[in-house]
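# Examination of the molecular architecture
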There are 2 protein chains.
Amino acid sequence: MSKKLTSRAENYSKWYNELVVEADLAENSAVRGCMVIKPYGFAIWEKMQAELDRMFKETGHQNAYFPLFVPKSLFEAEEKNAEGFAKECAVVTHYRLQNDPDRPGKLRVDPKAKLEEELVVRPTSEAIIWNTYKGWIQSYRDLPLLINQWANVVRWEMRTRLFLRTAEFLWQEGHTAHATKKEAVAEAELMNNVYATFAENFMAIPVIQGLKTESERFAGADETYCIEALMQDGKALQAGTSHFLGQNFAKAFDVKFTSKEGKQDYVWATSWGVSTRLMGALIMTHSDDKGLVLPPNLAPNQVVIVPIYKNEEQLEAITDVVNGIMKDLRSKNISVKYDNRDTFRPGAKFAQHELQGVPLRIAIGARDLENGTVELARRDTLTKEVVSLDSLIEKVEGLMTEIQDTLFKKALDFRNAHITEVDTFEEFKEVLETKGGFISAHWDGTAETEDKIKELTKATIRCIPLDGKPENGACVFTGATSKQRVLFAKAY
Amino acid sequence: MSKKLTSRAENYSKWYNELVVEADLAENSAVRGCMVIKPYGFAIWEKMQAELDRMFKETGHQNAYFPLFVPKSLFEAEEKNAEGFAKECAVVTHYRLQNDPDRPGKLRVDPKAKLEEELVVRPTSEAIIWNTYKGWIQSYRDLPLLINQWANVVRWEMRTRLFLRTAEFLWQEGHTAHATKKEAVAEAELMNNVYATFAENFMAIPVIQGLKTESERFAGADETYCIEALMQDGKALQAGTSHFLGQNFAKAFDVKFTSKEGKQDYVWATSWGVSTRLMGALIMTHSDDKGLVLPPNLAPNQVVIVPIYKNEEQLEAITDVVNGIMKDLRSKNISVKYDNRDTFRPGAKFAQHELQGVPLRIAIGARDLENGTVELARRDTLTKEVVSLDSLIEKVEGLMTEIQDTLFKKALDFRNAHITEVDTFEEFKEVLETKGGFISAHWDGTAETEDKIKELTKATIRCIPLDGKPENGACVFTGATSKQRVLFAKAY
């Protein structure tokens, strides 16, 4: 614990990798590209899940569970989707192991237990779900069908990084069916909005809502909405996507419904998801060279209390006071942990809680007891102050909101300072190399230009902002006419 | 909806299969042996999860997440565990699909994308977890390690039934590490106790706590504790297990710790789990020929309100009253749904809610408004009564407890009436065939006798009850001496 981290300035990528491990969030496993999410990291994810789940239910969605495996023949049915994911599929081919005759005590795949049809470990569940929806949807009365699933998915990525890109990850995937195109589009927009609200209000991460260009769309979607965030190193991170799937999956799986008027038509669809990748965004947005910085709304422990004592008698007196403080804080729905471990000194505890991003630390010693005070330390500003016990609870309650707001504001100021409008390709390249961030530029709307810019600069179009103003201009690369600026950036 | 179910008396097994589908709990999927858990079924599972999760956390456990895949070399490491699960493993051998040159538009496994080492889809996670724990445990300070994971697992079962036995199922698996044998045994017992408490207080299912015989133990365990329930057809169902794993996995994965005294020793382990199988137990314990019967503590909707009206004006007046009732019920933490769908008649709604086991139904019509009353219908007793609006909330609150208690008592009476002490093998066979249930009999303690009885009667030893009294007797099959009765039954 508390090994000094590489600084962000020195090597941002190394800083991130070290931080994730040192703060006890996650680690690599024995399975290539798959991570172990450690209890502290998982506790943060659980808080995200609880909040998102509440928001999904409030917007009328129900949870369900669909199989982990997708038979190959179903996987193939929607061609674009299949093509998009085929290259990164883990495939189950056998259903039994047996003793290996050549290696005593070892096992091998039983050649006689080969599946007739291979099973793809779901990289996403449209295929298996739409094959199921075929049985659930007959009439307009069955619509809209608003379902979400919390699940693990597998995409065989070659270059992986903890939380940001892993072969297996945890996510939620919403899959909805609607009677009209208009309703489905509204649903895709609604859920992108839910993601934006969650990112801003809980993760304290400002996001830009936008549409993906055709080349960046989800395989099988007619339109992909997204929320894009900016990390401290000036790279963008796609934090969530919501897809309008048109009738593509309904057609691939023959899902029709009878309308009120008795007409048969294919169903309209959406899907939307966020994943444990959000953990990466959370870590990279707020943390500093001393470690993790967590917004109070997602911190497993919002407050930690460390007793400073020289003998058992002092500890007992402190513990009495602490018990009262904890009771009062909990009555205000503030989570608090009393770190009274006798195997660590206060300094080591301070370092650990700083590294793990606990928003507020309270230290109480014998002198504090005499004075009726405690020492409060904020993780976000690294400032300390002495506070009277009388006003402590009110003070802490206020700080929960203040820290949350401060983190959001700081990230917003940084993000806003890193959106640069450019009108020439020279400027484009220079801003990208020196300052990074989002580059707002005109684009001629062709995939060819998009590819060329990516090839030359590694920047991609992150999104066409939903709140973008129409503006006549010339493509930053080809000079062809353009009607709106789009946002380019290098991205995770 | 509301197709008449086969009766339990006619065909219990068919009744169960129909009920699961008709009550909208789950259905079979396109993947052999894998189920789709539908929103209504999943809502019940979510309530179970929430309660269990709370109980695990209250007993000091934290959640984490470990990989879905287990590399074959790790899977092999603990020999008994590997041997126990090898025959039902789904195995990933490839990580890519490609276009099939022989079938345009279709995909095939890319022969060049063969994994160097096959990956087993976890049938249980001891191997991958203990391989991870090796890095987490060095000293006594790292112990106890008390971790739980909510996950999907795959066991390639040949004969599957919704919830009861599926190739993929959802479960939680606790994996703990301890400094002493005594502590690990106490943990295994504690968690078995948690399961028993949950089954009895929330599922309203009485269970017998016991130890498994050696042949029925978890592969890799030194001792398996279990909770055994009895279904209405007289067959037993193992509802949860908690294993004392000794030092088997610590030795297989070389996990040692340094004690306070500076001595090195292998760590002691437990694991424990319950799964979506509990859904099967819940359904079979309480339900009747009209459909599902749910205990209030696990019902997604504890109360449903159905308006009975002839015109919009009546509906509006009823809705006004219903809004007040819902507000009051919710303030008492009672979940309530207002079924004001205009696409179904009251009779159809009644039938649906009966089929889906909503504990309490309130019907309100125009006459009720005049009289200041409602009609209350209990699902468990199928009785109705007219209740004054003034006393409604108190009445409903009381019924929530009463229904929960009634269901438990009914199941307990049935269970107790189906534990039969027998002293001869003739009697054993006769009771098994005519009455079913648990047979309490002396056994000589050998696997040979156990196997022979199983072969002859299909009954297995469900457990050696923890609260069994020492009693000298003669084995019901061999006549050899025995010191305690054990419980035999046919089982799911």
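Residues numbered from 1 in each chain as written. Chains lettered and ligands numbered in written order. Predicted model: local features only at pLDDT ≥ 70, side-chain atom pairs only at ≥ 80, totals over all residues. Heavy atoms only, no water.

Naming follows an unreviewed UniProt entry, where chain A appears as Proline--tRNA ligase of Olleya aquimaris. Quoted verbatim from the Function (unreviewed entry) field of the UniProt record, the comment on chain A reads "Catalyzes the attachment of proline to tRNA(Pro) in a two-step reaction: proline is first activated by ATP to form Pro-AMP and then transferred to the acceptor end of tRNA(Pro)." A UniProt comment under Subunit (unreviewed entry) is attached to chain A, and it reads "Homodimer." (UniProt positions renumbered as here; feature names shortened; annotations may be inferred.)

Once that is clear, we can look at the overall build of chain A. If you tally the helices and strands in chain A, you get 14 helices and 27 strands. In summary, chain A has a C-alpha radius of gyration of 26 Å against a globular reference of 23 Å for 492 residues, a match within 12%. C-alpha extents for chain A along the principal axes are approximately 80 × 70 × 55 Å. Taking all contacts inside chain A whose residues are at least 6 apart in sequence as the whole, residues at least 24 apart take part in 68%. As presented, chain A carries roughly 20,500 Å² of accessible surface, and 47% of it is formed by carbon and sulfur atoms. (Helix = DSSP H or I, 4+ residues; strand = E, 2+ residues; numbered from the N terminus. Rg over C-alpha atoms; globule rule 2.2 N^0.38 Å. Contact = heavy atoms within 4.5 Å. Areas by Shrake-Rupley, 256 points an atom, 1.4 Å probe, with all protein chains shown as cover.)

Right, let's talk about the packing of aromatic side chains for a bit. Inspection of every chain in the model, using the stated rule, returns 38 aromatic pairs over all chains. Ring geometry for Phe69(A) versus Trp156(B): centroids 6.5 Å apart, planes at 55 degrees, classification tilted. One end of the pair, Phe69(A), is in strand β4 (residues 69–71); the other, Trp156(B), is in the loop between β9 (145–154) and β10 (168–178), on a second chain. Here a set of aromatic residues connected by ring pairs shows up, and it is made of Trp45(A), Phe56(A), Trp150(A), Tyr195(A) and Trp272(A). When the ring centre of Phe344(A) is taken as reference, the NZ or CZ atom of Arg141(B) above it lies at 5.8 Å. The ring of Tyr492(B) has Lys235(B) lying over it, and the distance from NZ or CZ to the ring centre is 4.3 Å. (Phe/Tyr/Trp six-rings, centres within 6.5 Å; stacked < 30°, edge-to-face > 60°. Lys NZ or Arg CZ within 6 Å of the ring centre and 35° of its normal.)

Right, let's get into the interface of chain A and chain B. Residue-level contacts link 65 residues of chain A with 65 residues of chain B. Contact with chain B buries surface across chain A, with Tyr65(A), Tyr95(A) and Leu97(A) losing the most and accounting together for 12% of the total. Inspection of the region where chain A meets chain B yields six salt bridges. Our count for the chain A to chain B interface comes out at 31 residue pairs in polar contact (both at pLDDT 80 or more). A class-by-class count of the residues in the side of chain A that touches chain B yields 39 nonpolar, nine polar and 17 charged. Relative to strand β5 (residues 91–94) of chain B, strand β5 (residues 91–94) of chain A runs antiparallel, the two being bridged by three bridges. What sits directly across from Val92(A), in β5(B), is Val92(B). (Buried area = accessible area lost by both parts, 1.4 Å probe. Salt bridge = Lys/Arg side-chain N within 4 Å of Asp/Glu carboxyl O. Polar contact = N/O pair within 3.5 Å; in protein donor to acceptor, adjacent residues only side chain to side chain. Nonpolar A, V, L, I, M, F, W, Y, C, P; charged D, E, K, R; others polar. Pairing = 2+ DSSP bridges.)

Moving on to the domain arrangement of chain A. The domain architecture assigned to chain A consists of domain 1 (12–66 + 125–286), domain 2 (301–402) and domain 3 (419–489). In this structure, domain 2 of chain A and domain 3 of chain A have C-alpha centres spaced 49 Å apart. (Domains from an automatic or database assignment.)

Quick look at the pattern of salt bridges now. With the rule as written, the count across this model stands at 60 salt bridges over all chains. A salt bridge links Lys57(A) to Glu46(B); its shortest N-O distance comes to 3.1 Å. Residue Lys57(A) is located in helix α2 (residues 39–58), and its partner Glu46(B) is located in helix α2 (residues 39–58); the two belong to separate chains. According to the relative accessible area criterion, Lys57(A) is partly exposed, its value standing at 37%. Through salt bridges with shared partners, one network takes in Lys72(A), Glu76(A), Asp100(B), Arg103(B) and Lys106(B). (Buried < 20%, exposed > 50% of the residue type's maximum accessible area, 1.4 Å probe, protein only.)

All names here are of chain B. If you trace the eleven strands from one edge of the open sheet to the other, you get β3-β9-β10-β16-β13-β12-β11-β24-β27-β23-β22, paired in mixed fashion. At either end of the open sheet lies a strand with only one pairing partner, and these are β3 (62–63) and β22 (419–421). Bridge count between β22 and strand β23 (residues 438–442): three bridges; the pairing is parallel. Within the sheet, the bridge partner assigned to Thr420 lies in β23 and is Ile439. Docked against the sheet, helix α12 (residues 389–417) engages β11 (208–211), β12 (223–230), β22 and β23, running at close to 20 degrees with respect to β22. (Axes fitted to C-alpha atoms, helices over the stretch in contact; angles between N-to-C directions.)

A pair of packed helices is captured by two measures, namely the crossing angle of their axes and the spacing between those axes. Residues and elements named next belong to chain B. Packing of α2 against helix α8 (residues 277–286) leaves a shortest axis separation of 11 Å and a crossing angle of 110 degrees. When the axis of α2 is compared with that of α8, the two are roughly perpendicular. Facing Gly41, Ile44, Trp45, Met48 and Leu52 of α2, the residues of α8 in contact are Leu278, Met279 and Leu282. Here the contact of α2 with α8 is built from residues that sort into seven nonpolar, one polar and no charged. (Parallel < 35°, antiparallel > 145°, perpendicular 65-115°, else oblique.)

Residues and elements named next belong to chain A. Within the secondary structure, Ser275 is located in strand β16 (residues 268–275). Relative accessible area serves as the criterion here: at 10%, Ser275 is assigned to the buried category. Residue contacts for Ser275: discarding those within four places in its chain leaves Trp45, Phe169, Leu170 and Trp171.

Residues and elements named next belong to chain A. Tracing the backbone shows Ala219 in the loop between β11 (208–211) and β12 (223–230). Each C-alpha atom of the pair Ala219 and Asp423 lies 31 Å from the other, and the pair is 204 residues apart in sequence. Apart from residues no more than four positions distant in its own chain, Ala219 is found in contact with Lys80, Asn81, Gly84 and Phe85.

Our next topic: the nonpolar core. Residues Phe69(A), Trp130(A) and Phe69(B) are the most contacted members of the largest nonpolar core, which totals 102 residues. Residue contacts for Phe69(A): discarding those within four places in its chain leaves Val92(A), Leu119(A), Val120(A), Val121(A), Ile128(A), Val31(B), Cys34(B), Ala90(B), Val121(B), Val154(B) and Trp156(B). (Core = buried A, V, L, I, M, F, W, Y, C linked by side-chain atoms within 4.5 Å.)

This part covers the pairing of strand β16 (residues 268–275) of chain B. Residue and element names in this part refer to chain B. Counted residue by residue, β16 has eight buried out of eight residues, so it is predominantly covered. With burial as the criterion, each face of β16 is covered, one bearing Trp268, Thr270, Trp272 and Val274 and the other bearing Ala269, Ser271, Gly273 and Ser275. Here β10 pairs with β16 via eight bridges, running antiparallel. Its bridge partner being in β16, Gln172 is matched across the sheet by Val274.

All names here are of chain A. Pairing is mixed across the open sheet formed by five strands, whose spatial order is β18-β17-β19-β20-β21. This sheet does not close on itself; its edge strands, each paired only once, are β18 (336–338) and β21 (384–388). Within this sheet the neighbouring strands show an average axis-to-axis angle of 25 degrees, counted without direction. Sheet topology note: the strand β19 (residues 360–365)/strand β20 (residues 373–378) ladder contains four bridges and is antiparallel. Directly across from Arg361, in β20, lies its bridge partner Ala377.

Time to look at the UniProt feature "domain: Aminoacyl-transfer RNA synthetases class-II family profile" (unreviewed entry) in chain A. UniProt tags residues 27–295 of chain A as "domain: Aminoacyl-transfer RNA synthetases class-II family profile" (unreviewed entry). For residues 27–295 of chain A, the helix share is 29%, the strand share is 32%, and the end-to-end C-alpha distance is 22 Å.

Here the focus is the relation of the copies chain A and chain B. Superposing chain A onto chain B takes a rotation of 180 degrees combined with a translation of 0.0 Å along the rotation axis, leaving an RMSD of 0.0 Å. Between the two chains, the operation in question is that of a two-fold axis. Nearest to the rotation axis, the C-alpha of Val92(A) is located 2.1 Å from it, this being the minimum over chain A. Interface overlap between copies: 100% of the residues of chain A at the interface are likewise at the interface in chain B, consistent with a symmetric, same-surface contact. (Least-squares fit on C-alpha atoms with pLDDT ≥ 70 in both.)

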